[in-house]
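Take a look at the letters that make up each chain.
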Amino acid sequence: MSVANQKGGVGKTTTTVNIAASLAMHGNRVLVVDLDPQGNASTALGMERGADSRSIYHCLVEDEEIRNLARPVPNIDNLWCVPATIDLAGAEIELVSLVARESRLKRAFAAYDTGELDYILIDCPPSLGLLTVNAMVACDEVMIPIQCEYYALEGLGQLLRNVELVKSHLNPGLDISTFVLTMYDGRTRLASQVADEVRGHFGDLVLKTLVPRSVRVSEAPSYGQSVMTYDPGSTGAVAYMEAAKEIAYRARTSAGN
């Protein structure tokens, strides 16, 4: 599942990390792939990243196996992360000249026995470039976080068109399966209006769970943790746990078991 939105600051990384942690804490085997050169998901999952660290860059550009790059996340069983390093910032340019540049990540997954995993979540960069296209070509589903603020739907049309382009030309099995409403502030009428508008557009694709603004969610990455381990009782952690349950229920339903 790709977690994508070319708009920055909508909670892509926070959503990826906390839903992955929630799923793992309920016994699922989860791999997070950090495709964002900023590497925030790697930081939030406690990955050490030095100058010589191996990362997803080495998979995309140098054909290193994902299995060799995945590292266990501290303090959470069943959760692994393929980190990003600053090398990834140049990968967009380096990928241009490579053969089958849009499907490098898909090929890497094909070489990995993904039967060992229940979920793979890919944190995409805030752009619609080659890294995001690689994620969408490699995935079955796209999850789109939308913040409950005025500019929420701006640019969303372009993202939906790009998903359709990838679907028609590169990955016929791709679907937008989930919208997550983030940074919800129940004290404002605007947040409710945005939530209603998104539900009106996308119906059952929108999770029932609203992820509220939460100081704890913002603090957790500075301690190298997700909010699920930093403060499991906080409103943000409870919301992400509920969102993960919805996603797991949908996955079971669609799989027919």
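Anything mentioned here points back to the structure above.
Keep in mind that what you see is a predicted model, and the values were worked out from it rather than measured. (Residues numbered from 1 in each chain as written. Predicted model: local features only at pLDDT ≥ 70, side-chain atom pairs only at ≥ 80, totals over all residues. Heavy atoms only, no water.)

Novice: Can you lay out the overall build of the chain for me, pointing to particular residues and giving the numbers?
Specialist: Helix and strand content of the chain: 12 helices and eight strands. Here the C-alpha atoms of the chain give a radius of gyration of 17 Å, agreeing with the 18 Å that 2.2 N^0.38 yields for 257 residues. Along the three orthogonal principal directions, the C-alpha set of the chain runs to about 50 × 40 × 40 Å. Classification of the 257 residues of the chain by burial places 50% in the buried group. The long-range fraction of contacts in the chain, counting pairs at least 24 apart against all pairs at least 6 apart in sequence, stands at 77%. A total accessible area of about 11,700 Å² is found for the chain, and carbon and sulfur atoms account for 50% of it. In the chain, 22 side chains carry a positive charge and 31 a negative one; their mean positions are 4 Å apart. (Helix = DSSP H or I, 4+ residues; strand = E, 2+ residues; numbered from the N terminus. Rg over C-alpha atoms; globule rule 2.2 N^0.38 Å. Buried < 20%, exposed > 50% of the residue type's maximum accessible area, 1.4 Å probe, protein only. Contact = heavy atoms within 4.5 Å. Areas by Shrake-Rupley, 256 points an atom, 1.4 Å probe, with all protein chains shown as cover. Lys, Arg positive; Asp, Glu negative; His and termini not counted. Charge placed at Lys NZ, Arg CZ, Asp CG, Glu CD.)

Novice: Please provide a residue-by-residue account of the environment of A111, values included.
Specialist: You can see A111 is positioned in the loop between α6 (104-110) and β5 (119-123). Sequence-wise, A111 and V33 are 78 residues apart; in three dimensions their C-alpha atoms are separated by 15 Å.

Novice: Outline the nonpolar core, supporting the account with residue identities and numerical values.
Specialist: Generally speaking, a soluble globular protein has its nonpolar side chains buried in company with each other. Counting 53 residues, the largest nonpolar core has V33, L35, I56, L60, I66, L105 and I122 as the members making the most contacts within it. Residue contributions to this core peak at seven residues, all from helix α7 (residues 130-138). Not counting residues up to four positions away in its chain, the partners in contact with L60 are L35, L88, L95, L98, R104, L105, L131 and N134. M47, V73, A237 and A244 belong to the second-largest nonpolar core, a separate cluster that totals 36 residues. (Core = buried A, V, L, I, M, F, W, Y, C linked by side-chain atoms within 4.5 Å.)

Novice: Residue-level account of the environment of T43, with values.
Specialist: For T43, the location among the structural elements is in helix α2 (residues 40-44). Taking the C-alpha atoms as reference points, T43 and S222, 179 residues apart in sequence, are found 8.0 Å from one another. Those residues in contact with T43 that sit more than four places away from it in its chain are R49, P221 and G224.

Novice: Any details on the environment of M1? Residues and values, ideally.
Specialist: As for its position among the elements, M1 is in the segment before β1 (2-3). Put simply, M1 and M136 are 135 residues apart on the chain and 8.2 Å apart in space, counted from C-alpha to C-alpha.

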